[in-house]
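Below are the chains, spelled out letter by letter.
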Amino acid sequence: MATPPFYSRILDFLLSTNSKQRLRIRRSLLAGLVFVVSVGITLYFSSVGGMNPQQAHWLNIGMLCSCLGFYIALRTGINLRFKEPALTLPQVLVALTWISLSYTVTGQAHSSILSLYALVMVFCIFTMSARSSVISAAYGVLTLAIAMLYKVNTDPDNYPFALELVNFILALTIMPTIGSLAAQISEMRDKLKAQKYELEQALEHIKKIAAHDELTGLINRRRMSEVLAEYVQNQEREPTGFSIAMIDLDYFKKINDQYGHLVGDEVLHGFAEIAKNTLRKADLLSRWGGEEFLLLMPETNAGQPSIGLDRLRKLLQEYPISQHQPALRVSFSAGISSYRQHETIHETIKRADEALYQAKANGRDCTVNR
């Protein structure tokens, strides 16, 4: 097995090899890139005297520590302990908090900070739930209002009331709108997930119908043919042997004619249930067609495949197979053939069919092994 390139190993170490975790970390780092750019801008702005260098220093440390903290939580798997492992809402709330703090220390350039509120909301618009979107929008507006009120009273020269009122009205218009849009997208996403689940369930149902007989619940002829082909292939590698039995319910047409198809269906279903509960767990019964069944009996090299059928025949003599005709008892004829190395499965089935016809010729209610 080839060794992955060095850069791939580095990325696996930094981003995890788990695909879901990797995606969460990449999203978090992309959001953190905005803070890195903000740190650079803050350093420049403080160097030209636009803001207090000490405040800029602590603000930058706080933002970088937050980014690092979320990265550690995601990379170490701590996030998996929470209901929302992407930690989207906590990351958004922390980001809005730092933006509001930045708003209070950037002086004359503080209006440019408003775009970051919208950026954070838009960045998470496709991942937040409807509830998280409402919480984020409300929290952003609240923290901005607090920051504005504080600065209007403590620094009216850089934060005049008229300007702050305009800024607040813009924020009050934009952020809830984005939050509402995020909530709608979340609802659409939930609907798509529900539709996807329904389609998957429908597909499973279709697959089951395609492979199973609706009346008896047994696998159908098509699916049994696939299983038999797999067994033949396996015999080439590990010849454990298997046998098949063709089973035909005796005088089933008379049962239908005398008692009706409702009782006939009860007989087919009842036989399938008794057989499944009586035969070995390893045995596999299928409805081959009409009142005919094919039984696959694996690993019969050293065994007697007719034992299970004899047990089933005896139990049928005692079991009331129809609710509408409780006195009715059914029997079956069976022909058994064991797979011979290198022959086709059709040849094995043909021999079982011939044995079944021999069982019928012998008076029915018996098993012939060929």
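Now for a quick tour of the structure.

Reading the values: rules and limits
Residues numbered from 1 in each chain as written. Predicted model: local features only at pLDDT ≥ 70, side-chain atom pairs only at ≥ 80, totals over all residues. Heavy atoms only, no water. Phe/Tyr/Trp six-rings, centres within 6.5 Å; stacked < 30°, edge-to-face > 60°. Helix = DSSP H or I, 4+ residues; strand = E, 2+ residues; numbered from the N terminus. Buried < 20%, exposed > 50% of the residue type's maximum accessible area, 1.4 Å probe, protein only. Core = buried A, V, L, I, M, F, W, Y, C linked by side-chain atoms within 4.5 Å. Contact = heavy atoms within 4.5 Å. Expected span 1.5 Å × (residues − 1). Pairing = 2+ DSSP bridges. Axes fitted to C-alpha atoms, helices over the stretch in contact; angles between N-to-C directions.

In this section: the packing of aromatic side chains. This structure, assessed with the given rule, holds five aromatic pairs. Aromatic side chains Phe271 and Phe332 sit 5.9 Å apart centroid to centroid with 65 degrees between the ring planes, which places their arrangement in the edge-to-face category. Taken together, the residues Phe271 in helix α10 (residues 261-278) and Phe332 in strand β4 (residues 332-338) connect sequence positions 61 residues apart. Since its relative accessible area comes to 0%, Phe271 is described here as buried.

To continue, consider the nonpolar core. Tyr103, Tyr117 and Leu144 are the most contacted members of the largest nonpolar core, which totals 34 residues. When residues of this core are traced back to their parent elements, those giving at least two are α2 (19-47), α3 (53-76), α4 (88-105), α5 (114-123), α6 (130-154) and α7 (161-211). The biggest single contributor to this core is α4, with seven residues. Apart from the residues within four sequence positions on either side, Leu144 is in contact with Ser100, Tyr103, Leu114, Tyr117 and Ala171. Within the second largest apolar cluster, 27 residues are counted, among which are Ala275, Leu295, Leu309 and Ile321.

End to end, α10 covers 25 Å across 18 residues, agreeing with the expected 26 Å (1.5 Å per residue, within 8%). For α10, the secondary structure elements touched by its buried residues are β1 (242-249), α9 (252-259), β2 (284-289), β3 (292-298), α11 (306-316) and β4.

A large share of β1 lies buried, amounting to eight of its eight residues. Residue alternation in β1 divides its side chains into two sets, Phe242, Ile244, Met246 and Asp248 and Ser243, Ala245, Ile247 and Leu249, and both sets are buried. Of the strand pairs in this sheet, β1 and β3 are connected by seven bridges, and their pairing is antiparallel. The partner of Asp248 across the bridge, within β3, is Glu292. In the sheet, β1 pairs with β4 via seven bridges, with the strands oriented antiparallel. For Ala245, the partnering residue across the bridge sits in β4 and is Ile336.

The next subject is α6. End to end, α6 covers 36 Å across 25 residues, agreeing with the expected 36 Å (1.5 Å per residue, within 8%). Within α6 the residues assigned to the buried category are Ser132, Ser133, Ser136, Ala137, Gly140, Val141, Thr143, Leu144, Ala145, Ala147, Met148 and Lys151. For α6, the elements touching its buried residues are α4, α5 and α7.

Right, let's get into the sheet that holds β4. Across the sheet, which stays open at both edges, the five strands sit in the order β2-β3-β1-β4-β5 with mixed pairing between neighbours. The two strands at the open ends of the sheet, each matched to only one other strand, are β2 and β5 (367-369). Strand after strand, the sheet turns through a mean of 20 degrees between neighbouring axes, direction not considered. Strand direction decides the pairing type here: β4 and β5, joined by three bridges, are parallel. Across the sheet, residue Ala334 finds its bridge partner in β5, namely Thr367.

With that settled, the discussion passes to unusual backbone geometry. Here Ser16, not a glycine, exhibits a phi torsion of approximately 80 degrees, which is positive. Along the polypeptide, Ser16 turns up in the loop between α1 (6-15) and α2.

Burial runs high along β3: seven of the seven residues are buried. Burial of the side chains of β3 extends over both faces: Glu292, Leu294, Leu296 and Pro298 are buried on one face and Phe293, Leu295 and Met297 on the other. Adjacent in sequence and paired antiparallel, β2 and β3 are bridged by two residues, among which Gly290 carries a positive phi angle near 60 degrees.

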